[in-house]
Amino acid sequence: MSLTGRIFGYLLVILIAFPVTVLITFSLLPFWRWLEASSNLESIGHSGPAVWCYLVVYCLIFLLLVLAMSKLGQGEKSKNAQ
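Calculation criteria
Residues numbered from 1 in each chain as written. Predicted model: local features only at pLDDT ≥ 70, side-chain atom pairs only at ≥ 80, totals over all residues. Heavy atoms only, no water. Helix = DSSP H or I, 4+ residues; strand = E, 2+ residues; numbered from the N terminus. Buried < 20%, exposed > 50% of the residue type's maximum accessible area, 1.4 Å probe, protein only. Areas by Shrake-Rupley, 256 points an atom, 1.4 Å probe, with all protein chains shown as cover. Arc of directions from axis to C-beta. Contact = heavy atoms within 4.5 Å. Core = buried A, V, L, I, M, F, W, Y, C linked by side-chain atoms within 4.5 Å.

Draft legend 1. Summary view of the overall build of the chain. Per the secondary structure count, the chain includes 3 helices and 2 strands. Split into buried and exposed, the 82 residues of the chain put 22% on the buried side. Put simply, the chain shows about 6,200 Å² of open surface, and 73% of that area lies on carbon and sulfur atoms.

Draft legend 2. Seen up close, helix H2 (residues 29-39). Within H2, the full set of buried residues consists of Leu29, Trp32 and Leu35. Angularly, the buried residues of H2 cover 125° about the axis, an arc narrow enough to put them on a single face. Opposite the buried face of H2, by more than 90 degrees, sit the exposed residues Pro30, Trp34 and Ala37. In the stretch just after H2, Asn40 is the one whose phi turns positive, near 60°.

Draft legend 3. Quick look at unusual backbone geometry. Unusually for a residue other than glycine, Asn40 sits at a positive phi of about 60°. Of note, Asn40 is situated in the loop between H2 and strand S1 (44-45). Using a relative accessible area of 72% as the deciding quantity, one classes Asn40 as exposed.

Draft legend 4. Fine view of the side chain of Thr21. Residue position: Thr21 is located in helix H1 (residues 3-27). Classification of Thr21 by relative accessible area gives buried; the value is 4%. Beyond its immediate chain neighbours, meaning those up to four positions away, Thr21 contacts Tyr54, Val57, Tyr58 and Ile61.

Draft legend 5. Structural detail: the nonpolar core. Counting residues in each nonpolar core, the largest one holds 10 residues, listed as Ala17, Leu29, Trp32, Leu35, Ile44, Ala50, Cys53, Val57, Tyr58 and Ile61. Contributing elements (two or more residues each) for this core: H2 and helix H3 (51-81). A total of 4 residues in this core trace back to one element, the largest contributor, which is H3.

Written as structure tokens, this is what we have:
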């Protein structure tokens, strides 16, 4: 994959991860409430999950998407080598 293709791929991952992060973070509301109740770690505010909750979910999604991209790239390299 060319450098421009990789840059475009990473930009696409960054953009895709934003709406997915919001959906997953809100769907994890019961988990955030449980975490706050059991650890006294401020997870839920008056307007929803805390910012750090979004950041944790975003980092996990970004990592998973980058790993998936690298796996696809490895498969592409092995096909080209044959």
